[in-house]
Amino acid sequence: MEEQSKRKNPSRKECEDIIRRILMTEVLEKGTNEHFKNATDFLAYFQSLYPAGDSLTKQVQRAVKAMNMPKDDRGYYIINKTEEQLNQDKELSFLLKKTNATVSSLDECETLFLQVEPTCKDYLFQMLQQSITFADKYVTIVNSSNGLIFYTKNKTQLKVMLDSLIHR
């Protein structure tokens, strides 16, 4: 009676969809996949729904192979990235570590726009970046189409300094 309640083996596409759901649930609940390294790790789930056997095992193996999922450094499948994305992420990680990158929020910053002629804004941008006087007056400068955008924590002081140079 119990064997009759189990369905016929799923198609490879159905297996892929189920595997995708299993891995997405794992990632959403735990933040990462910590259980699935190879096709046989999925078999217990499939055998609870379908008749166990060589054909089910092969179908699950085919589905995993067709999905062509990359693995992390520990050998676990990564569901939400391609091999190319994983390689790009590794390169980005290397560069961020090498350059001692830090993330800063600009929520506390105010913006100030300095409109300048397009012919000299690139040079002015470079000069302001190298300026000892302005070094601690802004968080970052963005070169825009017709001027420079400053993100600063002291808008008033930066405006006074810029105005003093403009009206000198």
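Check the entry above for the structure.
Since we're looking at a predicted model, the values are computed, not measured.

*Asks:* Can you help me understand the environment of Val139 in this one?
*Replies:* Within the secondary structure, Val139 is located in the loop between helix H6 (118–130) and strand E2 (140–144). Judged by relative accessible area, which is 40%, Val139 ranks as partly exposed. Separated by 44 residues in sequence, Val139 and Leu95 have C-alpha atoms that sit 21 Å apart. Leave out the neighbours within four places in its chain, and Val139 touches Leu106, Cys109, Tyr151, Thr152 and Lys153.

*Asks:* It is not clear to me how the pattern of salt bridges should be interpreted in this structure. Could you clarify?
*Replies:* Where charged atoms from two side chains of opposite charge come close, those side chains can pair. The full count for this structure, using the stated rule, is ten salt bridges. A salt bridge links Asp89 to Lys81; the shortest N-O distance between them is 2.4 Å. Looking at Lys81, the relative accessible area reads 32%, which means it is partly exposed. The partner of Asp136 in a salt bridge is Lys137, and the shortest N-O contact between them spans 2.7 Å. The exposed category is assigned to Asp136, whose relative accessible area is 59%. Residue classification places Lys137 among the buried residues on the basis of a relative accessible area of 15%. Here the salt bridges share partners, and the residues they tie into one network are Lys13, Asp17 and Arg20.

*Asks:* Help me out: how do you make sense of the pairing of strand E3 (residues 147–152) in this one?
*Replies:* Alignment of strand E1 (residues 110–115) against E3, held across six bridges, turns out to be antiparallel. When the sheet's bridge partners are listed, Phe113 is paired in E3 with Ile149. Two strands pair when backbone bridges link them, and E2 and E3 are joined in this way by five bridges, in the antiparallel orientation. Bridged to Ile141 within E3 is Phe150.

*Asks:* Would you mind going over the nonpolar core with me for this structure?
*Replies:* One recurring pattern in soluble globular proteins is that nonpolar side chains are buried together. Core analysis: the biggest nonpolar cluster contains 20 residues, and Ile19, Leu23, Phe42, Phe46, Val60 and Met69 have the highest contact counts within it. Counting only elements with at least two residues in this core, the list comes to helix H2 (12–30), helix H3 (43–49) and helix H4 (54–67). Top contributing element to this core by residue count: H2, with six residues. Apart from the residues within four sequence positions on either side, Ile19 is in contact with Phe42, Phe46, Val60, Ala63, Val64, Met67 and Met69. Judged by nonpolar contacts, the second largest core, of 13 residues, contains Leu114, Leu128, Phe134 and Phe150.

Procedures and definitions
- Residues numbered from 1 in each chain as written.
- Predicted model: local features only at pLDDT ≥ 70, side-chain atom pairs only at ≥ 80, totals over all residues.
- Heavy atoms only, no water.
- Helix = DSSP H or I, 4+ residues; strand = E, 2+ residues; numbered from the N terminus.
- Buried < 20%, exposed > 50% of the residue type's maximum accessible area, 1.4 Å probe, protein only.
- Contact = heavy atoms within 4.5 Å.
- Salt bridge = Lys/Arg side-chain N within 4 Å of Asp/Glu carboxyl O.
- Pairing = 2+ DSSP bridges.
- Core = buried A, V, L, I, M, F, W, Y, C linked by side-chain atoms within 4.5 Å.

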